[in-house]
Amino acid sequence: MKTTRRTALLTGPALALSAAMPSVLQAQAQDTPKRGGSVTVHMQGEQRILNPALRASTGVYVVGGKIMEALVDLNAKGEPEPVLATSWQSTPDGKTITFKLREGVSWHDGKPFTSADVQYTAMEMWKKHLNYGTTLQLYLEAVETPDAHTAVFRYSRPMPLDLLLRALADLGYIAPKHVYEGTNALENPANTAPIGTGPFKFSKYERGQYVIAVRNENYWRKGFPYLDQIVWRFIPDPAAAVAAIESGQIQMSAEGALPLADLDRLKKDPKFEVSSRGNEGNAVMNTIEFNFRRKEIADHRVREAILRAIDIDFFCDNFLYGFAKRASGPIPTSSPSFFPKGTPQYPFDPKKAEALLDQAGYRKGSDGKRFTLRLVPAPWGEDIALWSTFMQQSLQQVGIGIEIVRFDAAGFLSNVYKDWNYDLATGWHQYRGDPAVSTTVWYRSGSPKGAPWTNQWGWKSDEIDNLIDAAAFEIDPVRRRQLYAEFVTKVNTEIPLWMATERLLISVTNKSLQNHHNTPRWISSSWADLWIKS
Amino acid sequence: MRILGLALRRLASSLPTLLIILVGLFLLLQLAPGDTVDALVAQMGGGDPAMIEELRRFYGLDAPVAVQLANYLWRLVSFDLGFSATYGKPVVGVILERLPATLLLMVSALSFAFAAGMALGVIAAKRVNQWPDTMISTLGLIFYATPSFWFGLMGIVAFAVRLAWLPAGGFGTIGSGLTGFAHVLDVAQYLVLPTLTLSLGFLAIYLRIMRASMLEVLTLDFVRTARAKGLAEHGVVVRHVLRNALLPMVTLIGLQAGTMLGGSVVVESVFSLPGLGRLAYDSVVQRDLNTLLGIVFVSAVLVIVINFLVDFAYAYLDPRIGAGR
């Protein structure tokens, strides 16, 4: 056989590959998943209920997401992958979406999983009680069940399939109809002792101490899960949680609840992985929320001056240990399907800030102050406390006095969103994979007074309202993306509020754990393939 | 019979106090901004207005404050502490779950503080102004001046993280399935650090009081008499001085039982113990009114009972106190 240049080129890499093969195989042999073992996970706060079909929050998913399952989940690339639904299809008008459901799946109590469960959960839980779900399913009219393994969702207005699927990873958990039917869903005992179809079966909830779930021997994914047991331990004190991780009592803290200084220290310890890998679906942004009822703030020049007076990059590098970066709008870079480039930005420029304030007619008084604002920071996350004092000091430099007024969680929500008793507020915007799910509600007018994390700023733009509505019902994904790019450009120009930083939740994981944090919403996912390397 | 009468009189006199505390707390919490639904929504990370209104109805928060208060008091009369918003079950059950950890911690911390404080106080008084006294007094001052959570955290770092002798937190090995004596040993291991942490501050107080009280009693005439009649020094100290010097200590126990319930919030948080202190803290943050009022009720009853027992201890230690009644 004559060796042509072409075959030489082809065999070259093949030879190199085969030479490298044995070591690859060896590595694989070592890394064959092992069955058995128990993993203990840190939880900071106690959850009132563990049923993710009724409560959409990471704290609920971290426990409930192992016991109950959604119609779909997101794969490593962030695309929807089948879980309880095996395939889906939308009619051209976007008003009818048909899900084929997985066959041979049974609930932990032995009853079969059918389309009736999907129908019941969608109509009775997602549409009535589930936070974010009620908004998502507002135009859901009915779920039809032509057979036991088909569920047909009928909407009165077009529902973009990509939006629905991406949202259903979080807002698409299915609860058993036979357990809930005929009861008050909020009071059902299964809310704290959930019955699901997932890889782990609920075993015990000792209030104030721990939750235990054990392997589901009849799980539909044959051979899974690898673990025998998962224990979630409630440790409210962050320093104590760090000690528990260091002493090996717990193997993972996934909610980003540990002190930043400790994260920075643990990062250097070879025993742990400290990373935001696998948390792409849990982006957190530090906000600057404006109250337009203050005449100074209603002036665009003042809002721009505030943004220009704060060195956000410096804050991220030095206060947040580089775990965060400057955000460029309401959509974070961790959401590549929607993140738009080239939107208006306001880089740090204190001179320009002073000039803008002067132009607006707020000259420095004899004490060096132009005016004083009341800043209300949210009580969750140490970054918010740091951010509010950083804002205070930065704004003082340009002559804006800041009085920081602190409340606890309930006090913050009622002061800011119910009583509008603030000039500036700062908290978190948690981006949930699609602007329509988590983000546009911050800008859309028409939210009743008191609805938290909505437009309560005393600001309204018909143009932006129209854009938001158009994007929410746009079936063509490309066009939707364009609409959101336009939306970001508009709100970045208007500055009704500002998202200053973006970061992902940071998990600390003991390196003995394998197959962890490998999908964008991993901490919420089922953990069926998680295993322990001894 | 006299004991029963005294108990009933005590109970009757503490009822108005209890009522004032409960009503006052109820009204005070109305002044706190936000309610339990706000706290829940904060935990969930969002919710739409219709759902939030629905939840307010579900928790009975749509009624006027006066009606809510009247309902609460009416239920209390029938010994019903109501339904916990955070835990979704009757408050009685929630509190009973948490009571053992707190009682265990309180009793062990108080006993340790009392015993060690007494012993050190006696030694310091016997060697007053010599080196053991100086050392013990300095140590006491350090214990008293250091915040207990810091002791706790340092204890965790030293004994749990570095030396790995003791567990870092929790209340027994999870899922160990131990029973009987093995279970007791297991829990005891978890209680060593929290007990020490909680008791050190109290120990310092007991030690100071004991030292001062011993020094005072040692100068009294009957001590000289005891010595004069030829009693051995040990007998003088234990039978005559100690017993009389104990009275202020016993008073302190009664007073500090309440303080200790409050102090346990920090210790329970640091060591993640499932106790009443942490439950109370969580209830305030969650604006879980029923649970909080229930805890106050139970704590008040505990303090009343302890003070009742303290009164009896007085009578035992110093028969003159009982004789007057």
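It should be emphasised that the depicted structure is a prediction, and the values quoted were computed from it without experimental measurement.

The next subject is the overall build of chain A. When you go through chain A residue by residue, the secondary structure sums to 17 helices and 23 strands. Computed over the C-alpha atoms, the radius of gyration of chain A is 25 Å, within 12% of the 24 Å expected from 2.2 N^0.38 for a compact globule of 534 residues. Counting only C-alpha atoms, chain A reaches 80 × 60 × 60 Å along its principal axes. Burial statistics for chain A: of 534 residues in total, 57% are counted as buried. When contacts within chain A are restricted to residue pairs at least 6 apart in sequence, those whose partners lie at least 24 apart make up 71%. Per element, the accessible surface of chain A, about 20400 Å² overall, is 52% carbon and sulfur.

Our next topic: the packing of aromatic side chains. Residues and elements named next belong to chain A. In total, this model carries 30 aromatic pairs over all chains according to the counting rule given. Where Trp-522 meets Trp-527, the ring centres are 4.8 Å apart and the plane angle is 15°; that geometry is what we call stacked. Judged by relative accessible area, which is 1%, Trp-522 ranks as buried. Among the aromatic residues, those joined into a ring-pair cluster are Trp-380, Phe-412, Tyr-417, Trp-442, Trp-453 and Trp-457. Directly above the aromatic system of Tyr-139 lies the positively charged group of Arg-157, at a separation of 5.1 Å from the ring centroid. Geometry around Trp-420 places Arg-293 over its ring, the cationic atom sitting 3.7 Å from the centre.

Okay, the interface of chain A and chain B next. The interface of chain A with chain B comprises 49 residues on the first partner and 48 residues on the second. Here chain A packs against chain B, burying approximately 3800 Å² in sum over the two surfaces, 59% of which is carbon and sulfur. Counting across the interface, chain A meets chain B through 3 salt bridges. In this structure, Asp-38 of chain B engages Lys-418 of chain A in a salt bridge whose closest nitrogen and oxygen atoms are separated by 3.1 Å. Linking chain A to chain B there are 5 residue pairs in polar contact (both at pLDDT 80 or more). Elements that contribute at least two residues to the side of chain A that touches chain B include exactly helix H4 (133-136), strand E9 (210-215), strand E10 (229-234), helix H7 (238-246) and helix H14 (409-418) of chain A.

What follows concerns the sheet that holds strand E5 (residues 96-101) of chain A. Two modes of strand pairing occur in sheets, parallel and antiparallel, and in both the strands are linked by backbone hydrogen bonds. Residue and element names in this part refer to chain A. Taken in spatial order, the 4 strands line up as E4-E5-E7-E6 in an open sheet, and their pairing is antiparallel. This sheet does not close on itself; its edge strands, each paired only once, are strand E4 (85-90) and strand E6 (140-147). Sheet twist, expressed as the average angle between the axes of neighbouring strands with direction ignored, equals 20°. One ladder, built from 5 bridges, connects E5 with strand E7 (residues 150-155); its direction is antiparallel. Looking at E7, one finds that Phe-99 is bridged to Ala-151.

The subject of this paragraph is the packing of helix H11 (residues 276-285) of chain B against helix H12 (residues 289-317) of chain B. Residues and elements named next belong to chain B. At their nearest, the axes of H11 and H12 sit 9 Å apart, and the two run at 145° to each other. Note on packing geometry: the crossing formed by H11 with H12 is left-handed. Contact with H11, carried on its side by Leu-276, Leu-279, Ala-280, Ser-283 and Val-284, involves Thr-291, Leu-292, Ile-295 and Val-298 of H12 and no other residues of that element. The residue makeup of the contact of H11 with H12, split by class, is 7 nonpolar, 2 polar and no charged.

Once that is clear, we can look at the nonpolar core. Of all hydrophobic cores here, the largest spans 170 residues; its most connected members are Leu-71 and Leu-424 of chain A. Top contributing element to this core by residue count: helix H5 (residues 161-171) of chain A, with 6 residues. Excluding anything up to four places from it in sequence, Leu-71 of chain A contacts Pro-82, Val-83, Leu-84, Ala-85, Phe-99, Leu-101, Val-118, Trp-126, Leu-168, Gly-172 and Ile-174 of chain A. With 59 residues, the next largest nonpolar core counts Val-122, Val-241, Val-267 and Leu-302 of chain B among its residues.

With that settled, the discussion passes to unusual backbone geometry. Excluding glycine, residues mostly have negative phi values, and the peptide bonds linking residues are mostly trans. All names here are of chain A. At the junction of Phe-224 and Pro-225, the peptide bond is cis and its omega measures out at -5° in the coordinates. Among the secondary structure elements, Pro-225 is positioned in the loop between E9 and E10. With a phi close to 70°, Tyr-132 is a non-glycine residue in the positive phi region. Within the secondary structure layout, Tyr-132 lies in the loop between helix H3 (115-126) and H4.

For the rest of this paragraph, the subject is the layout of surface pockets. All names here are of chain B. By volume, the second largest pocket is sized at about 680 Å³. In terms of lining, the second largest pocket is formed by 26 residues, of which the most central are Tyr-59, Gly-60, Leu-61, Gln-68 and Leu-289. Elements represented by at least two residues in the lining of the second largest pocket include exactly helix H1 (2-31), helix H3 (49-58), helix H4 (65-77) and H12. Looking at which element gives the most residues to the lining of the second largest pocket, the answer is H4, with 5 residues. Among the residues making up the lining of the second largest pocket, the classes are represented as 12 nonpolar, 8 polar and 6 charged.

Residues and elements named next belong to chain A. Spatial strand order, E8-E9-E10-E1-E11-E21-E12: 7 strands in an open sheet with mixed pairing. Of all strands in the sheet, those with a lone pairing partner are strand E8 (200-206) and strand E12 (272-275), marking the two edges. As paired strands, E9 and E10 are joined by 5 bridges and run antiparallel to one another. Bridging from a neighbouring strand, Val-214 pairs with Gln-229 of E10. Where helix H2 (residues 58-67) meets the sheet, its contacts fall on strand E1 (38-43), E8, E9 and E10, and the angle it forms with E10 comes to roughly 160°.

What counts and what doesn't
Residues numbered from 1 in each chain as written. Chains lettered and ligands numbered in written order. Predicted model: local features only at pLDDT ≥ 70, side-chain atom pairs only at ≥ 80, totals over all residues. Heavy atoms only, no water. Helix = DSSP H or I, 4+ residues; strand = E, 2+ residues; numbered from the N terminus. Rg over C-alpha atoms; globule rule 2.2 N^0.38 Å. Buried < 20%, exposed > 50% of the residue type's maximum accessible area, 1.4 Å probe, protein only. Contact = heavy atoms within 4.5 Å. Areas by Shrake-Rupley, 256 points an atom, 1.4 Å probe, with all protein chains shown as cover. Phe/Tyr/Trp six-rings, centres within 6.5 Å; stacked < 30°, edge-to-face > 60°. Lys NZ or Arg CZ within 6 Å of the ring centre and 35° of its normal. Buried area = accessible area lost by both parts, 1.4 Å probe. Salt bridge = Lys/Arg side-chain N within 4 Å of Asp/Glu carboxyl O. Polar contact = N/O pair within 3.5 Å; in protein donor to acceptor, adjacent residues only side chain to side chain. Pairing = 2+ DSSP bridges. Axes fitted to C-alpha atoms, helices over the stretch in contact; angles between N-to-C directions. Left-handed = near helix turned anticlockwise from the far one by under 90°. Nonpolar A, V, L, I, M, F, W, Y, C, P; charged D, E, K, R; others polar. Core = buried A, V, L, I, M, F, W, Y, C linked by side-chain atoms within 4.5 Å. 1 Å grid on protein atoms, 1.4 Å probe; cavity = no way out; pocket = protein on both sides within 12 Å on 5 of 7 lines; lining within 4 Å. Points joined across faces, edges and corners; volume = space filled by probe spheres on them.

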